[in-house]
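Summary of the model geometry
Listed here are the chains, written in short residue letters.
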Amino acid sequence: MRASVVVRLLVLLFALVTTCMFLRTYISVRMKTIRLPPWLGAAPTPAIQTKQSKCSLSKPCPASYFAFKICSGAANVVGPSMCFENKVIMSPVKNNVGRGLNIALVNGSTGMMLKHSSFDMYSGDINLLIKFLKEIPEGTLVLVASYDDPGTKMNDETRNLFSNLGSSYAAKLGFRDSWVFIGAKNLKSKTPFEQYLKNNPETNKYEGWPELLELEGCVPQRML
Ligand SMILES: *[C@@H]1O[C@H](CO)[C@@H](O)[C@H](O)[C@H]1NC(C)=O
């Protein structure tokens, strides 16, 4: 073997070894930069972990208040939903909502749901709603969410019954308005928990329907 060949082989070997060493250092540096420090990567301790508040409210309700969130339906497409004390009591997923008015009754002292129902306000029998509203027991919270059309079958009697539950807008509720509301049996004043949007072609969010409404907050136990 000639000397020049040996030199060339040695040079090649040297180059291979340095390349290998360079790559190893480079890769380990990269790995280190990617790896998070243990105090950042570790799972948070239960003490630090924030507990989500009831009904996903931005902040939890004080003691002796019930947390709630009510969404009206979106146009005639997505049904309304109601959460009370972290329980979804009516929703499309639960398959217990319908076009018209969706109403849930909750015991105002315990927060337990008594019953719920939906009333077709476009072509349904208005007497079913009148009977339901007249039978609401004392001390009951009444949660209401509209879907599609809550207004067509409204008459003076139902408007008065809702006004007596603390509603300000039942008096003018009409075809395809959006409405969400919490009232109580024999509420002496108007409830602070109500939102209303009139069906108005010039301001409607959807073609034919106003924006859906969201009402959330904390309702005091025994509102009466
Ligand atoms: C609500 O709960 C209280 C306490 O358990 C009970 O005394 C009352 O009768 C209930 N009211 C209704 C309407 O269920």
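Further up the page is the structure itself.
Not measured: the values here are computed from a predicted model. (Residues numbered from 1 in each chain as written. Predicted model: local features only at pLDDT ≥ 70, side-chain atom pairs only at ≥ 80, totals over all residues. Heavy atoms only, no water.)

**Regarding the site of the ligand**
The ligand sits among Asn107, Thr110, Leu114 and Pro137. A distance of 2.3 Å separates an oxygen atom of the ligand from a polar atom in the side chain of asparagine 107. Expressed as a share of its isolated accessible area of 360 Å², the protein-covered part of the ligand is 42%. Per-class residue counts for the shell around the ligand are 2 nonpolar, 2 polar and no charged. (Near = heavy atom within 4 Å. Polar contact = N/O pair within 3.5 Å; in protein donor to acceptor, adjacent residues only side chain to side chain. Areas by Shrake-Rupley, 256 points an atom, 1.4 Å probe, with all protein chains shown as cover. Nonpolar A, V, L, I, M, F, W, Y, C, P; charged D, E, K, R; others polar.)

**Description of the sheet that holds strand β6 (residues 140-147)**
What links the strands of a sheet is backbone hydrogen bonding, and the strands pair in either a parallel or an antiparallel sense. Across the sheet, 5 strands lie side by side as β5-β4-β6-β7-β8; this open sheet has antiparallel pairing. Looking at the sheet topology across the chains shown, the edges are occupied by β5 (113-119) and β8 (194-197). Put simply, the sheet's adjacent strands are angled 15 degrees from each other on average, direction ignored. Two strands pair when backbone bridges link them, and β6 and strand β7 (residues 178-184) are joined in this way by 5 bridges, in the antiparallel orientation. (Pairing = 2+ DSSP bridges. Helix = DSSP H or I, 4+ residues; strand = E, 2+ residues; numbered from the N terminus. Axes fitted to C-alpha atoms, helices over the stretch in contact; angles between N-to-C directions.)

**Details of the pairing of strand β2 (residues 81-84)**
Every regular strand shows the same layout, with side chains that alternate between the two sheet faces. Pairing analysis gives 4 bridges linking strand β1 (residues 65-71) to β2, with the strands arranged antiparallel. Bridge pairing in β2 links isoleucine 70 to methionine 82. Looking at chain direction, β2 and strand β3 (residues 87-90) are connected through 3 bridges and run antiparallel. In the sheet register, phenylalanine 84 faces β3, and the bridge partner there is lysine 87. The turn joining β2 and β3, which pair antiparallel and follow one another in sequence, is formed by 2 residues; a positive phi near 50 degrees is taken by glutamate 85.

**Concerning the packing of aromatic side chains**
Given two aromatic rings, their pairing is described by the distance between the two centres and the angle made by the two planes. One pass over the full model with this rule turns up 6 aromatic pairs. Between the aromatic rings of phenylalanine 68 and phenylalanine 193, the centroid separation amounts to 5.3 Å while the plane-to-plane angle is 85 degrees, which identifies the pairing as edge-to-face. Taken as a pair, phenylalanine 68 in strand β1 and phenylalanine 193 in the loop between β7 and β8 lie far apart in primary sequence, 125 residues in all. Here phenylalanine 68 and phenylalanine 193 have matching classes, each one buried. On the basis of an interplanar angle of 65 degrees and a centroid distance of 5.1 Å, the ring pair of phenylalanine 119 and phenylalanine 132 is categorised as edge-to-face. (Phe/Tyr/Trp six-rings, centres within 6.5 Å; stacked < 30°, edge-to-face > 60°. Buried < 20%, exposed > 50% of the residue type's maximum accessible area, 1.4 Å probe, protein only.)

**Regarding the nonpolar core**
Ranked by size, the top nonpolar core spans 22 residues in total, and within it Leu101, Ile103, Leu129, Leu133, Val144, Phe162 and Trp179 carry the most contacts. At the level of elements, β4 (100-107), α3 (126-134), β6, α4 (156-164) and β7 are the ones that each hand at least two residues to this core. Of all the elements, α3 adds the most residues to this core, at 5 residues. Filtering out sequence-adjacent residues up to four positions away, valine 144 remains in contact with Ile70, Met82, Leu101, Asn102, Ile103, Phe162, Trp179, Val180 and Phe181. (Core = buried A, V, L, I, M, F, W, Y, C linked by side-chain atoms within 4.5 Å. Contact = heavy atoms within 4.5 Å.)

That is the geometry; function is a separate question.
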